[in-house]
Structure formats: structure tokens, C-alpha cells
Amino acid sequence: TCALPILKDRRGVIKMSDSAGESSAPVKAVRETVVPAREYLALTVKKGQTLRLIDLEGRQVIDVIFFNLNDLEERLSCVATCLVNKSLHITGGHYVVSQKCNKMFVITEDKVGARGPTGGWTGGYCNDDVNYARFGIRGMRSCRDNLAMALGPYGLTEKDFNEDCCASIFMNLGEDADGVWEIREPVGEPGDYMDLRAEMDCLVAISNCPQEQSPCNAFNPTPIKVVVYEGPSG
């Protein structure tokens, strides 16, 4: 079930209770990949390894989908993740869970989220239909395209994922007092990163978001770096 135990830290941020908030530095990089602007990547991360997503130049969004490597029908659920953490602002100390509410990753460090709430865990990705509805443009490169291309070698297509299983890391979603809710320019600075420790063997699909018609990437997609560490120290 989704009834995982929770607690709050001194800032009132809700965290999962069984040592999810413990932060320990990762050691021994086993893979490092620079993903060019607008491009994609798929890789496997084994249980106990740490996935680090680095915003090299700042203000770049990274779309990710996580699959259970041993059961590709089990995948990240943004809805379930927000529900079990009782927060729309998923950050350091929070668990990322699947649609079955199994723990997939725990966020051990979030440089952007530590400076204040941003968002990106409500689900969704740019795609041709949404781009046309918002900007009147067809044929733009999109995160849905990137994710499908990344997953192709694993026998998966866009029919195997949906908006709920995609998180937009470093996305800045703003809400005003009058109810206006919109994507705003990211607040990430060069070198900011998020560390996620795998709680199960996972297949990870990454789209280095190509969107340049909205403030999503400050209208200027840039490269990112993906590092997999053998595990946390301590």
C-alpha cells in the first residue's frame, strides 16, 4: 500500500521515516555521460547505486522516467510519490515510488530544492500536441520523442509510458495568490545537481528537455551531465 511512515524535519518538510533523510556522499563513479542540449539517454542503475543529475550551465530541466528493471510494467508514479510524501515539492529526503507504491529511489541531495520549492513532480512532458496547443507549432523536438527514442533499444515505445510516470527535475512551477499556475524560468545555477539512491534495480530514461518556446529552460536548452556512483559512503 501507499501508507508509508512519514515525519517532518525542522523546516516542516515531510520526509519518509526509515533513514530516508540521511545524506552520505556517493563514491566511485562507474559511469559519466554528458547529454547534449535537446538529446536523450537511457541507462540502468542498480540497487544501492546513486544517480546524479547535473545542470551544467544552469536553468535546464531534465525529464526522467524510472522503470523497475525486473518488471518494466512497474514505473514511476508522480501522483503516488506526491501522495505518500504529502507534498507537491519533492526534494531531499523524499522517496520516489512506483504506481504500486514500491520505493524506487530516495533523493539524498537536491541543490535546487534546498533553496526553496520549485516543482516538476506533478507529471507531464512536452509533446507535439501540447506544443501545437500552446504555440501553434508542429514538428518540434519534444520530451515525449526523446523518451521514446531512449527506450527503443529496450523494446519500449511511447505506449509504455504516460504523463504520470515522468518527472521534470529542476522544473520551476509557480502559483500566484490569484490561482495562476505556470511554468517559469528555472532557478538552477551552474553545477547544481540532484542525487537519487536506487532502492531497486531501475531502467532510467532521460530527456534533456528541448523546449525553447517557453520559460521551461529559460528559452535556451543546454547540456547536462549524468553520473552513476557505485554507492553512498557510510
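Data block above holds the structure.
Computed from a predicted structure; not experimentally measured. (Residues numbered from 1 in each chain as written. Predicted model: local features only at pLDDT ≥ 70, side-chain atom pairs only at ≥ 80, totals over all residues. Heavy atoms only, no water.)

Student: Could you clarify how one ought to interpret the pairing of strand β13 (residues 192-198) in this entry?
Tutor: Put simply, side chains in a regular strand alternate between the two faces of the sheet. Most of β13 sits inside the fold, with 7 of its 7 residues counted as buried. Every second residue of β13 is oriented toward a common face, with D192, M194, L196 and A198 on one face and Y193, D195 and R197 on the other, all of them buried. Where strand β5 (residues 50-55) lies against β13, 6 bridges are found, and the strand directions are antiparallel. Looking at the pairing, R52 lines up with D195 of β13. Taken together, the 5 bridges between strand β9 (residues 103-110) and β13 define a ladder with antiparallel strand orientation. Paired with I107 across the two strands is L196, which belongs to β13. (Buried < 20%, exposed > 50% of the residue type's maximum accessible area, 1.4 Å probe, protein only. Helix = DSSP H or I, 4+ residues; strand = E, 2+ residues; numbered from the N terminus. Pairing = 2+ DSSP bridges.)

Student: Explanation requested: the nonpolar core in the structure shown.
Tutor: Across soluble globular proteins, nonpolar side chains have a tendency to be buried as a group. Counting 32 residues, the largest nonpolar core has L51, F66, F105 and I206 as its most contacted members. Non-local contacts of L51, meaning those with residues more than four positions away in its chain, are made with L43, V45, F66, F105, M194, D195, L196, V204, V226, V227 and V228. In terms of nonpolar packing, the next biggest core, distinct from the first, is built from 21 residues, I65, L151, C165 and C209 among them. (Core = buried A, V, L, I, M, F, W, Y, C linked by side-chain atoms within 4.5 Å. Contact = heavy atoms within 4.5 Å.)

Student: Got a minute to help me understand the packing of aromatic side chains in this structure?
Tutor: Geometry of an aromatic ring pair is reported as the spacing of the ring centres plus the angle between the planes. Taken as a whole and judged by the stated rule, the model has 2 aromatic pairs. Relative to F105, the ring of F66 lies with its centre 4.4 Å away and its plane at 45 degrees, an arrangement referred to as tilted. Of this pair, F66 sits in strand β6 (residues 62-68) while F105 sits in strand β9, placing them 39 residues apart in sequence. Here K103 stacks its cationic end above the ring of Y95, 4.6 Å away from the centre of that ring. (Phe/Tyr/Trp six-rings, centres within 6.5 Å; stacked < 30°, edge-to-face > 60°. Lys NZ or Arg CZ within 6 Å of the ring centre and 35° of its normal.)

Student: How do you make sense of the side chain of N217 when you look at a structure like this?
Tutor: Within the fold, N217 resides in the loop between β14 (202-208) and β15 (224-232). What makes N217 buried here is its relative accessible area of 0%. A polar atom in the side chain of N217 sits 3.3 Å from the side chain of Q60. Excluding residues within four positions of it along the chain, N217 makes contact with R59, Q60, V61, P186, C209, P210 and Q211. (Polar contact = N/O pair within 3.5 Å; in protein donor to acceptor, adjacent residues only side chain to side chain.)

Student: Quick question: what am I supposed to make of the pattern of salt bridges here?
Tutor: Two side chains that carry opposite charge are able to pair once their charged atoms sit near each other. Going through the model one piece at a time under the given rule, you end up with 14 salt bridges. Here R52 makes a salt bridge to D195, at a shortest N to O gap of 2.7 Å. Taken as a pair, R52 in strand β5 and D195 in strand β13 lie far apart in primary sequence, 143 residues in all. For K100, the salt bridge goes to D71, with nearest N and O atoms at 3.3 Å. Pair noted here: K100 is in the loop between β8 (95-97) and β9 and D71 is in strand β7 (residues 71-75), with a separation of 29 residues, a long-range link. Residue class for K100 comes out partly exposed when judged on its relative accessible area of 45%. Judged by relative accessible area, D71 falls into the partly exposed class, the value being 27%. A single salt-bridge network, built from bridges that share partners, covers D128, D129, R138 and R144. (Salt bridge = Lys/Arg side-chain N within 4 Å of Asp/Glu carboxyl O.)

Student: When you look at the environment of T108 in this model, what are you seeing that I'm missing?
Tutor: Position of T108 relative to the elements: it lies in strand β9. Taking relative accessible area as the criterion, T108 reaches 12% and is therefore assigned buried. Residues T108 and R197, spaced 89 residues apart in sequence, show a C-alpha to C-alpha distance of 6.7 Å.

Student: Looking at this structure, how should I read helix α2 (residues 128-135)?
Tutor: Structurally, the α-helix is built with 3.6 residues per turn, so residues lying three or four positions apart point the same way. Measuring from the backbone nitrogen of D129 back to the side-chain oxygen at the start of α2 gives 3.0 Å, which picks out N127 as the cap. G136 occupies a position one or two residues after α2 and carries a positive phi of about 70 degrees.

Student: Help me understand the environment of Y125, please; the structure alone is not making it clear to me.
Tutor: Considering the arrangement of structural elements, one finds Y125 in the loop between β9 and α2. Taking the C-alpha atoms as reference, Y125 lies 6.9 Å from C166; in sequence the two are 41 residues apart. In this structure, Y125 is in contact with D63, C143, R144, L147, F161, N162, E163 and C166, ignoring residues within four places of it in sequence.

Student: Looking at this structure, I do not really get helix α3 (residues 143-151). What am I missing?
Tutor: Along α3, 7 of the 9 residues are buried, which leaves the element largely enclosed by surrounding structure. The set of residues buried in α3 consists of C143, R144, N146, L147, A148, A150 and L151. Buried positions along α3 lie against β4 (40-45), β6, α2 and β14.

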